[in-house]
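Chain residues, written in single-letter form:
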Amino acid sequence: MSPGAGILAEESKAQREQLVELLTQAYWMEIETVMSYIANSVNPDGIRAQEIIESLNADIQEELGHAQLFASRIKELYGTVPGSMAFAPQQSYLQPPERSTDVVHVIRGVIDAETGAIEHYNRIIEFASKVDPVTEDMVVGILRDEEGHKRLFEGFLSEFDQGLH
Ligand SMILES: [Fe+2]
Ligand SMILES: [Fe+2]
């Protein structure tokens, strides 16, 4: 890739295709997070669950917005946003817990999901920093949201850990 050619140039095709692959994985992560957070914002019971429910409700809208950002960028890079038949679930840790009052299970699942997103988005930023500053910039913004989500739920977890001792 010659300097100044940009990610949309013909000669950037290989890097573009790699980026589309990374962005597609990110898109699926966001979609699955929306599914998992909807379920976990409705299923839990108990006084202790209410704060978690409220927080997840707010996150659902943010994660949906992220999915739409990833989809748009895939299109801008001459990719195609996949159809639902290509979806393969990964979030085994965010399935409904045995007991609906098991809020700690949900908190830990959210932390796992956010940690996975943070790792993947750092990978995209690293790759994009060399070839596509626009994608880099977009994903940096999304990464900040995920770090905020993770930090919030780590705070919830520390409160519950204290309650258990
Ligand atoms: Fe997200
Ligand atoms: Fe998130």
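For the structure itself, consult the block above.
In this report, we go over the structure that sits alongside the text. (Residues numbered from 1 in each chain as written. Chains lettered and ligands numbered in written order. Predicted model: local features only at pLDDT ≥ 70, side-chain atom pairs only at ≥ 80, totals over all residues. Heavy atoms only, no water.)

**Some details on the coordination of the iron ion (ligand 1)**
Ideal donor angles around a metal are set by the shape: a four-donor tetrahedron calls for 109.5 degrees, a six-donor octahedron for 90 or 180 degrees.
Here is step 1 of the chain: Listed as protein donors to the iron ion (ligand 1) are Glu30 (OE), Glu30 (OE), Glu63 (OE), His66 (ND1) and Glu146 (OE); their distances from the metal cover 1.9 to 2.3 Å.
Here is step 2 of the chain: We note that the donor set of the iron ion (ligand 1) lies within a single chain, spaced as E-x32-E-x2-H-x79-E.
Here is step 3 of the chain: Residue Glu30 is classed as buried on the basis of its relative accessible area of 1%.
Here is step 4 of the chain: For Glu146, a relative accessible area of 1% translates into the label buried. (Donors = N, O, S within 2.8 Å, 3.2 Å for Na, K, Ca; no water. Buried < 20%, exposed > 50% of the residue type's maximum accessible area, 1.4 Å probe, protein only.)

**Describing the nonpolar core**
Here is step 1 of the chain: Leu19, Leu23, Tyr27, Phe70, Tyr121, Ile124 and Val139 are the most contacted members of the largest nonpolar core, which has 25 residues in total.
Here is step 2 of the chain: Counting only elements with at least two residues in this core, the list comes to helix 1 (13-42), helix 2 (50-76), helix 3 (103-131) and helix 4 (133-164).
Here is step 3 of the chain: Broken down by element, the residue count for this core peaks at 8 residues, all from helix 3.
Here is step 4 of the chain: Contacts of Leu23, omitting those with residues within four sequence positions, involve Phe70, Arg73, Ile74, Leu77, Ile124, Thr135 and Met138.
Here is step 5 of the chain: The next biggest cluster of nonpolar side chains, apart from the first, holds 19 residues, and it includes Leu56, Ile60, Val103 and Ile107. (Core = buried A, V, L, I, M, F, W, Y, C linked by side-chain atoms within 4.5 Å. Helix = DSSP H or I, 4+ residues; strand = E, 2+ residues; numbered from the N terminus. Contact = heavy atoms within 4.5 Å.)

**Some words on the pattern of salt bridges**
Here is step 1 of the chain: Evaluated as defined, the whole model comprises 5 salt bridges.
Here is step 2 of the chain: The salt bridge partner of Lys13 is Glu17, with a shortest N-O separation of 3.3 Å. Of this pair, Lys13 and Glu17 both sit in helix 1, 4 residues apart, roughly one helical turn.
Here is step 3 of the chain: Across the pair Glu126 and Lys130 runs a salt bridge, and its minimum N-O distance is 3.2 Å. Placement of the pair is Glu126 and Lys130 together in helix 3, with a separation of 4 residues, close to one helical turn.
Here is step 4 of the chain: Given the relative accessible area of 60%, Lys130 is considered exposed. (Salt bridge = Lys/Arg side-chain N within 4 Å of Asp/Glu carboxyl O.)

**A few points about the packing of aromatic side chains**
Here is step 1 of the chain: All chains considered together, the criterion is met by 4 aromatic pairs.
Here is step 2 of the chain: Ring plane angle 55 degrees and centroid distance 5.3 Å describe the contact between Tyr27 and Trp28, whose orientation is recorded as tilted. Trp28 matches Tyr27 in its accessibility class, with the two residues each being buried.
Here is step 3 of the chain: With a centroid separation of 5.0 Å and 90 degrees between ring planes, the pair formed by Phe153 and Phe156 is classed as edge-to-face. Here Phe153 pairs with Phe156, and both are found in helix 4, just 3 residues apart, close to one helical turn.
Here is step 4 of the chain: The exposure class assigned to Phe153 is buried, which follows from its relative accessible area of 0%.
Here is step 5 of the chain: Residue Phe156 is classed as buried on the basis of its relative accessible area of 12%.
Here is step 6 of the chain: Through pairs of rings, three or more aromatic residues link up here, namely Tyr27, Trp28 and Phe87. (Phe/Tyr/Trp six-rings, centres within 6.5 Å; stacked < 30°, edge-to-face > 60°.)

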